[in-house]
Amino acid sequence: MSTRRNILKGAAAAGALGTFGAGYAETLKKLAKGKWSGEVPKAALTGNSLTPEYVIDPDTGDLAMNPDIAMSYTMCIGCTTMCGVRVKVDKAQNKVLRVTGNPYSPMSTDPFIPYDSSVKDSFLAMAQTGKGEGLTNRSTACGRGNAVLQQVDNPRRVLKPLKRVGPRGSGKWQTISFEQLVEEVVEGGDLFGEGPVAGLREIRDLDTPIKAGAPEFGPRANGLVVMNCVDDGRDNLLLRWLKQSYGSTNFVRHGAYCGGAYRSGSGAMFGDVKGMPHAKPDFLEAEFVMFVGTAPGNAGNPFKRVGNLIAKARSDGKLDYVVVDPVLNNAQNGPSGERSRWVPIKPGTDGALAMAIIGWMFDHDRINHAYLAQPGAAAAEAAGEVNWTNATHLVIVEEGHPRYGRFLRGSDIGLAVEGDAYSDADPFLIASAAGPVPAGAEAAPLFFDGMVETAKGPVAVKTSLTLLREAAASRTLAEYSEACGIPVATIEGLASELTSHGRKAAVNSHGGMMSGSGFYNTYALMMINTLIGNLNWKGGTMIAGGWFPDNKGPAYDLAEFPGMVTPKGLPIGRNVPYEKTSEFKAKKEAGKAYPADGPWYPQAPGLATEWISSMVNHYPYGAEALIFRNTNPVYGVPGISHVVDKLKDPKVVPLIISIDPFINESSAISDYIVPDSVMYETWGFTKPWGGVATKATTARWPVIEPKMEKNAEGQRVGLETFLIGTAKQMGLPGFGDQAIPDADGTLHPLNRAEDWYLRGAANVAMIGKTPVPEATDEDLALSNVARIRADLEAVLKPEEWRRAATIYAKGGRYENIERSYQGDKATYAFGAAMQVWNEGLGSFRRATTGKRMSGAPIWFEAEFADGSKVADHYPAADWPVKVMSFKSPLQNSYSVGAKALLRIVASNPVVVGRALAEAHGIANGDMVRLTTPGGSLESVAVVRDGIAPDTVAIEHGYGHKGFGAQDITIDDDVWPADPRLASGVLLNDMGMVDPTRAMTGVWVDPVSGTAVRQGLPARIERI
């Protein structure tokens, strides 16, 4: 019976996999091997493993290295987690053979080994040489991390500078020298026979306004804009070049079309929407976690570490958890039993669930009164709390009051203030029997709703917690249930469970918040943690412990330098108050300040979602030169296809440069491509994501010789050589022979990458009371840091280089795990106030409507820029389906070139729930057409359970038109398209523009300005 059941399961799996296309033929053949299938496997399967990198004598403990193999600790950049790893390098072939984890790194190992362990000891630890150690220090890398190393040898890598031939986007290029590249992009000229193009030298005008009559936008130099991906540890040098040397303010990363809604909504809770701090659950000590819009071990950085900790916690600890998501994935599985559950939810409605839970907490008095009642740091300390909230602070709610939505301060009621009004010296006020009084060292009333006397008359005020309670009570539990699709009983059960574990329960979220309601959805979810009072507590939530920074340390100052400039002006992405603009002033004088000509987002960080629209529309101003740095917004921004074709016109942005190892969808429309390093050829320093309780800095260095061609000075061409070369061509400060100050003020050169990163390593090594120990010759040999010893000695001082070498020998600097807690509290606690009411949010007006937003979490139904409901434009009767994306732990948008991953999953079908499929006559393997107001696609349908009703899900990472998916011609040599790289579909191709915007722009969350890919209105049909 058991055998037959397994056969049936295998047959079903084969049938489903068969719908993925011919790319699975060989995979299915291998899966089907076995006696029951009629094919008997070979008797012996041994002898196929790689030659061991080292051998340990079990009797003596002696370690013998394989002389043909190098073992090095470095960093993986197969995703944005950037784990510490150990790579196995074939010296003769200059090739990384395998990737495993770094046992020193908390991103890869739990528990991670003490940092003072020698490199030899780390090898011994991973080999389990101690009695009874088992797998204690075994450190692993994920499947993607082991596969993406293939990108180093990808035949489609760009290894020489390229210049376009013919129109932008035509796919035709010619190779040029690095020196020609620098000359042309700096000096400009008639570069393409299309007329004069201003070079970087001409654009760097620090005096002439970029927009006449609008000095707030700064000088013409802001016409150089840089779109980046993630900070992979190289951004400090890029920012030095762009901002402090060149003088442009315009730099943005990819967060606005990745997980920015979560980070911004979390930032509102933490009081820093620009820095976007966030916390993660303490997985090993938590008793209950509710994951919303993320899946532990599947997505939501750092997914490998989280997956490891979750597996350990649910098997050895007390952890139960629930995943609330429209798609059931591998976060919930059979072996977990009742300790993990899945709750389906309508895409984009997470805020309705959160507000329902918050309302239940108020109704059942399940909030942490003792924590919430502390009105300041002094009161919190007296009460034994680690931080505090503004729950008790009084908020002005008088309609028409000039300070509506802001906190009542001492100066408002006539108190003498030692400092400016509304500065830190001006106290927040709380309620008392005698009227409003300054917050002191004792608990304060949580609820107040009434009039208070001020210096200018009576004013209506409420406490922050009163406003939150009212927001939650604005709808009934049944109404919230109807909005999110989760039964009332389930909501009540979740609320009860979350409030039954003291501070050892938590809510976690991430990229699934990228909906039209994403900002408030996240703010509401994170508010549950605050009402529980779990931040900084063992078993609750914690921020990251911090890091050992490379840019400003005791050895060298990489942050400042003689002659540096301060960039001026408002950024092109409009993530600043509209009220600071000349447009606002002119319209106000004309009698109607609102609406603005386009949306502005003062409660948001950099907005890559808006940059292309800004450049195309020249609103608020245009760009003269655009640099894509290892980023791909043309692929990544939903709906941008409706805008991006205009970038192919040189009149819109005259100069586009890409710094990238590949020709992706964005670099394909560039004028020049600068080749760059990949994975294990490159330098960098990064800090971990939230939840790592100790200080940690992960270091990356070229463990293999980079493949890019060399310039005339013998340096490999890449990001660093481009920045240094163009800076020296223009004579920018901060580069050249006198560029980097040391602790004594002596200036050192910045002429090559090693000048920068090795000095950064010295800072990482020497910061703090106790510098890291000096690397021994054995450490250098075993880690192969001996490969860069000559550079270390040439760049650094005698007392520095061996300590810097330790950073590379151990793959970074990691504080010991014992520093995680002090008793039941996090060692590196977040000490500022949690924002039950965010006055920056609650006091600003939307530029496109003039209406105010709520400063407390609310259930916010998706709206367009003009304030109209998306559902009114695209009613469910016409668009009954909601489309969403999800991620796998194997594939992302830039790993598609790793053939090993395509052998595992060759494509991404459209995933349709069983009931929805039956209603439309769709069977497993049918071709379907999926249509949104933004576009349509055709694909194979995979019908399965585990999908929320009326929902279609599409895995992210496929549907490429770049990365080798189209023909490319370089010097008359055609690189033919590889159909495997074009396989599958991309949800972003169906992304929507906002129909209410006069100037074309994609649909974004109206507060955070982040992309919408969760909950697109759609319809589906069988074809």
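Residues numbered from 1 in each chain as written. Predicted model: local features only at pLDDT ≥ 70, side-chain atom pairs only at ≥ 80, totals over all residues. Heavy atoms only, no water.

Engineer: It is not clear to me how the confidence of the model for the protein chain should be interpreted in this structure. Could you clarify?
Structural biologist: Regions with low pLDDT should not have their predicted coordinates read in detail. Here the protein chain averages 91 in pLDDT, and 94% of its residues register 70 or above. In this model residues 1-44 is a low-confidence stretch, pLDDT under 50, and it forms 26 contacts with partners more than four residues away in sequence or in other chains. (pLDDT = per-residue confidence, 0-100. Contact = heavy atoms within 4.5 Å.)

Engineer: Whenever I open this one, the packing of aromatic side chains confuses me. Can you help?
Structural biologist: By convention here, two paired aromatic rings are described through the distance between centres and the angle between planes. Going through the model one piece at a time under the given rule, you end up with 30 aromatic pairs. Taken together, Y54, Y73, Y104, Y115, F123 and Y814 form an aromatic cluster joined through their ring pairs. The cationic tip of R469 hangs over the ring face of F447; the distance from NZ or CZ to the ring centre is 3.9 Å. (Phe/Tyr/Trp six-rings, centres within 6.5 Å; stacked < 30°, edge-to-face > 60°. Lys NZ or Arg CZ within 6 Å of the ring centre and 35° of its normal.)

Engineer: Is there a simple way to think about the sheet that holds strand β13 (residues 340-343) in this case?
Structural biologist: Through backbone hydrogen bonds, the strands of a sheet pair up, either in parallel or in antiparallel fashion. Spatially, β13-β12-β11-β20 is the arrangement adopted by the four strands of the open sheet, whose pairing is parallel. The open sheet has two edge strands with one neighbour each: β13 and β20 (505-509). The average undirected angle you get between the axes of adjacent strands in this sheet is 15°. Across five bridges, strand β11 (residues 288-292) lies against strand β12 (residues 320-324) in parallel orientation. Its bridge partner being in β12, F291 is matched across the sheet by V323. Packing against the sheet, helix α15 (residues 488-498) makes contact with β11, β12, β13 and β20, and its axis sits at approximately 130° to β11. (Pairing = 2+ DSSP bridges. Helix = DSSP H or I, 4+ residues; strand = E, 2+ residues; numbered from the N terminus. Axes fitted to C-alpha atoms, helices over the stretch in contact; angles between N-to-C directions.)

Engineer: So what exactly am I meant to see when it comes to the packing of helix α10 (residues 350-363) against helix α16 (residues 518-532) here?
Structural biologist: Two quantities define a packed helix pair, namely the angle between the helix axes and the distance between the axes. In contact at an axis separation of 7 Å, α10 and α16 are set at 25° when each is read in the N-to-C sense. Looking at the two axes, α10 sits roughly parallel to α16. Classified by chirality, the crossing of α16 by α10 is left-handed. Taking contact as the criterion, the partners of D350, G351, A354, M355, I357, I358 and M361 in α10 are, on α16, N521, A524, L525, M527, I528, L531 and I532. (Parallel < 35°, antiparallel > 145°, perpendicular 65-115°, else oblique. Left-handed = near helix turned anticlockwise from the far one by under 90°.)

Engineer: Could you clarify how one ought to interpret unusual backbone geometry in this entry?
Structural biologist: Trans is the prevailing form of peptide bonds, just as negative phi is the prevailing case for residues other than glycine. Going from D110 to P111, the amide bond is cis rather than trans, its omega being -5°. Relative to the helices and strands, P111 is located in the loop between β5 (95-101) and α3 (119-126). In the Ramachandran plot, N536 falls in the positive-phi region, its phi being about 80° despite a non-glycine side chain. Along the chain, N536 turns up in the loop between α16 and β21 (541-542). Relative accessible area serves as the criterion here: at 1%, N536 is assigned to the buried category. A positive phi is found at F963, a non-glycine position, where the angle reads about 60°. (Buried < 20%, exposed > 50% of the residue type's maximum accessible area, 1.4 Å probe, protein only.)

Engineer: Which parts of the structure should I look at to understand the side chain of S139?
Structural biologist: By secondary structure assignment, the location of S139 is in the loop between α3 and α4 (143-147). Here S139 is in contact with T100, G101, N102, P103, S108, T109 and M126, once residues within four sequence places are set aside.

Engineer: Got a minute to help me understand the pattern of salt bridges in this structure?
Structural biologist: Opposite charge on two side chains makes pairing possible when the charged atoms of those side chains draw close. Enumeration according to the criterion identifies 51 salt bridges in this entry. Taking the shortest distance from any N to any O, the salt bridge between K312 and D110 comes out at 2.9 Å. A residue pair is termed long-range when its members are at least 10 positions apart, and K312 in helix α9 (residues 303-316) and D110 in the loop between β5 and α3 qualify at 202 residues. Under the relative-accessibility criterion, D110 is labelled buried at 16%. Its salt-bridge partner being E184, residue K163 comes within 3.1 Å of it at the nearest N-O pair. One end of the pair, K163, is in strand β6 (residues 162-164); the other, E184, is in helix α5 (residues 178-187), with 21 residues separating them in the sequence. Note on K163: relative accessible area 7%, which makes it buried. When salt bridges that share partners are traced, they join D231, D232, D235, R253, R629 and R700 into one network. (Salt bridge = Lys/Arg side-chain N within 4 Å of Asp/Glu carboxyl O.)

Engineer: Is there a simple way to think about the sheet that holds strand β25 (residues 684-686) in this case?
Structural biologist: What the three strands build is an open sheet, ordered β25-β26-β29; its pairing is antiparallel. Each of the sheet's edge strands pairs with one partner strand only, and the pair in question is β25 and β29 (812-814). Across the sheet, the axes of successive neighbouring strands diverge by a mean angle of 20°, strand direction being ignored. With three bridges joining them, strand β26 (residues 696-700) and β29 adopt antiparallel strand pairing. Within the sheet, the bridge partner assigned to A696 lies in β29 and is Y814. On top of the sheet, helix α22 (residues 753-766) reaches β25, β26 and β29; it is set at about 35° to β25, its chief contact.

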